[in-house]
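Architecture at a glance
Okay, here's what each chain looks like letter by letter:
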Amino acid sequence: RAKNEGRGSIREFEPGMVLETRERGAIEIEVGRAIADGQIVPHFQPLVDLRTQQVIGFEVLARWPHPERGMIGPDVFIPIAQRAGLITDLTLSILRQACQVAARWSVPLPIALNIAPEQLQDRWLPEKLLGVLAEQGFPAGRLEIEITENALVADFETARRVIASLKNQGVRIALDDFGSGCSSLSHLSQLPIDKIKIDRSFVKSITTHPQSATIVSAIIGLSRSLSMTTIAEGIEEPALVDHLLTLGCDLGQGFLFSRPLCAQDTGILVQNLADVCGEPDGRATDND
Ligand code: C2E
Ligand code: MG
Ligand code: MG
Ligand code: MG
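Residues numbered from 1 in each chain as written. Chains lettered and ligands numbered in written order. Predicted model: local features only at pLDDT ≥ 70, side-chain atom pairs only at ≥ 80, totals over all residues. Heavy atoms only, no water.

Under an unreviewed UniProt entry, the name given to the protein is Diguanylate cyclase, and the source organism is Methylobacterium iners.

So, about the side chain of glutamine 253. The residue glutamine 253 is located in the loop between strand S9 (251-252) and helix H10 (263-276) in this model. There is a polar contact of 2.7 Å between the side chain of glutamine 253 and the side chain of glutamate 59. (Helix = DSSP H or I, 4+ residues; strand = E, 2+ residues; numbered from the N terminus. Polar contact = N/O pair within 3.5 Å; in protein donor to acceptor, adjacent residues only side chain to side chain.)

What follows deals with the site of ligand 1. The environment of ligand 1 is formed by 21 residues, the closest being Arg63, Asn114, Asp176, Glu236 and Phe255. Taking glutamate 233, its side chain carries an N or O atom lying 3.3 Å from an oxygen atom of ligand 1. For ligand 1, whose unbound accessible area comes to 810 Å², protein coverage reaches 82%. Using a 2 Å cut-off from the grid points, one finds that ligand 1 occupies the largest pocket. Sort the elements by how many residues they give to the shell around ligand 1 and strand S2 (residues 55-66) lands first, with 4 residues. (Near = heavy atom within 4 Å. Areas by Shrake-Rupley, 256 points an atom, 1.4 Å probe, with all protein chains shown as cover. 1 Å grid on protein atoms, 1.4 Å probe; cavity = no way out; pocket = protein on both sides within 12 Å on 5 of 7 lines; lining within 4 Å. Sits in = over half its atoms within 2 Å of the grid points.)

Approximately 1,000 Å³ is the volume attributed to the largest pocket. Surrounding the largest pocket, 36 residues form its lining, Glu59, Leu61, Pro74, Asp75 and Asn114 being those nearest its centre. Secondary structure elements with two or more residues in the lining of the largest pocket: S2, helix H2 (74-83), helix H3 (87-103), strand S4 (111-114), strand S5 (143-148) and strand S6 (172-178). Looking at the lining of the largest pocket residue by residue, the classes come out as 15 nonpolar, 10 polar and 11 charged. (Points joined across faces, edges and corners; volume = space filled by probe spheres on them. Nonpolar A, V, L, I, M, F, W, Y, C, P; charged D, E, K, R; others polar.)

Distances from the magnesium ion (ligand 2) to its protein donors, Glu59 (OE), Asn114 (OD1), Glu146 (OE) and Asp176 (OD), fall within 2.0 to 2.2 Å. Mapped onto the sequence, the donors of the magnesium ion (ligand 2) take the spacing E-x54-N-x31-E-x29-D. Here the magnesium ion (ligand 2) and the magnesium ion (ligand 3) are spaced 3.7 Å apart, linked through aspartate 176, which binds each one. With a gap of 30 residues between them, glutamate 146 in strand S5 and aspartate 176 in strand S6 connect regions that are remote in the sequence. On the basis of relative accessible area, glutamate 146 is assigned to the buried category, the value being 1%. Judged by its relative accessible area of 5%, aspartate 176 falls in the buried class. (Donors = N, O, S within 2.8 Å, 3.2 Å for Na, K, Ca; no water. Buried < 20%, exposed > 50% of the residue type's maximum accessible area, 1.4 Å probe, protein only.)

Within the secondary structure, isoleucine 163 is located in helix H5 (residues 156-168). The class for isoleucine 163 is buried, based on a relative accessible area of 0%. With 16 residues separating them along the chain, isoleucine 163 and isoleucine 147 place their C-alpha atoms 9.3 Å apart. Contacts of isoleucine 163, omitting those with residues within four sequence positions, involve Leu120, Ile147, Leu152, Ile173, Leu191 and Pro192. (Contact = heavy atoms within 4.5 Å.)

The next thing to look at is the coordination of the magnesium ion (ligand 4). Distances from the magnesium ion (ligand 4) to its protein donors, namely Asp177 (OD), Asp199 (OD) and Glu233 (OE), fall within the range 2.3 to 2.6 Å. Each donor residue of the magnesium ion (ligand 4) belongs to the same chain, and together they define the spacing D-x21-D-x33-E. Between the magnesium ion (ligand 4) and the magnesium ion (ligand 3) the interatomic distance amounts to 3.2 Å, and aspartate 177 serves as a bridging ligand to the pair. Of the two residues, aspartate 199 is situated in the loop between strand S7 (195-198) and helix H7 (200-203) and glutamate 233 in the loop between strand S8 (229-232) and helix H9 (238-247); the sequence distance between them amounts to 34 residues. The exposure classification of aspartate 199 matches that of glutamate 233, with both residues buried.

What follows concerns empty space enclosed by the protein. In total, this model carries 1 cavity of 30 Å³ or more according to the counting rule given. Estimated volume of the largest cavity: approximately 50 Å³. Forming the walls of the largest cavity are Glu149, Leu152, Leu175, Phe178, Cys182, Ser183, Ser184, His187, Leu188, Leu191 and Ile193. Those elements that provide at least two residues to the lining of the largest cavity are S6 and helix H6 (185-190).

Another point: the pattern of salt bridges. Enumeration according to the criterion identifies 12 salt bridges in this entry. Put simply, arginine 96 and glutamate 135 hold a salt bridge, and the shortest N to O gap is 2.7 Å. Of this pair, arginine 96 sits in helix H3 while glutamate 135 sits in helix H4 (residues 125-136), and the two are 39 residues apart along the sequence. Judged by its relative accessible area of 29%, arginine 96 falls in the partly exposed class. Overall, glutamate 135 belongs to the partly exposed group, its relative accessible area being 47%. The salt bridge partner of glutamate 146 is lysine 197, with a shortest N-O separation of 2.7 Å. A residue pair is termed long-range when its members are at least 10 positions apart, and glutamate 146 in strand S5 and lysine 197 in strand S7 qualify at 51 residues. Ionic contacts of the salt-bridge type, sharing partners, join the residues Glu59, Glu146 and Lys197 into one network. (Salt bridge = Lys/Arg side-chain N within 4 Å of Asp/Glu carboxyl O.)

Structure below.
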């Protein structure tokens, strides 16, 4: 409500704003119900080895197929869930469902789960995530979490402990959207980070802007010297792949390879991978 803005405020009477506020309130209530009912579901986007073009895992991306509003993306409901204090419920629900989906794959590929910055301030996060893994019988070694640099600016020591605890129990750690937030390079060396995800804003312009290529090259050099893997986000054009390989990038992700897929399509994709790799019955490896 517009209470805080003072009684005489003109904004109070703008029809568009009232509608917006009412709509947002409705969505907030609905988001809570949607999480509880498992209506917000995981989709999966392939992570690809740039050299071999093999799928080496999937990023889990939350989607809300809304009965009336159509498909709602995380940019809409994640901030609402955060404001409503529901981000942990959402994360655990997405993880639980993703484990159930991934457990049925014909190849046990790893999954990467996004964690909101404030969740790294929750000292019980490791117990919560590992509790879901235990309940689902899903190995910690198949889970990677994606955190952002912004998660490290609050209470770094708490975040560091949460990350270290997860890492100690076999969960891998990826630094998401690298280069787009508040980086502190000193943090990098203090955390057991396995993978750096280079933000799409740099990746998309490496062939057209030499500065972007220089930045990407520097990020790759840095992560290599720290024994971390690099993955380029948002690859949409084939030309980027060769350029990224030249710069020494290991992995890629983007619409060029695949959009995020629903659980069913992901299962089919994984089955096709298994077929192409040649299962024991000897189905064709020599015709690709
Ligand atoms: P992100 O973690 O950086 O995820 C990558 C985003 O880039 C995804 O958007 C993906 O669909 C999009 N993307 C992938 N390839 C391409 C490409 O080639 N071109 C372009 N233009 N975009 C590409 P999405 O699914 O809308 O997710 C947006 C953000 O929402 C994610 O960014 C992540 O920060 C957050 N998010 C998604 N699912 C979850 C979740 O379960 N929990 C939390 N806490 N955050 C989530
Ligand atoms: Mg991510
Ligand atoms: Mg990202
Ligand atoms: Mg990004």
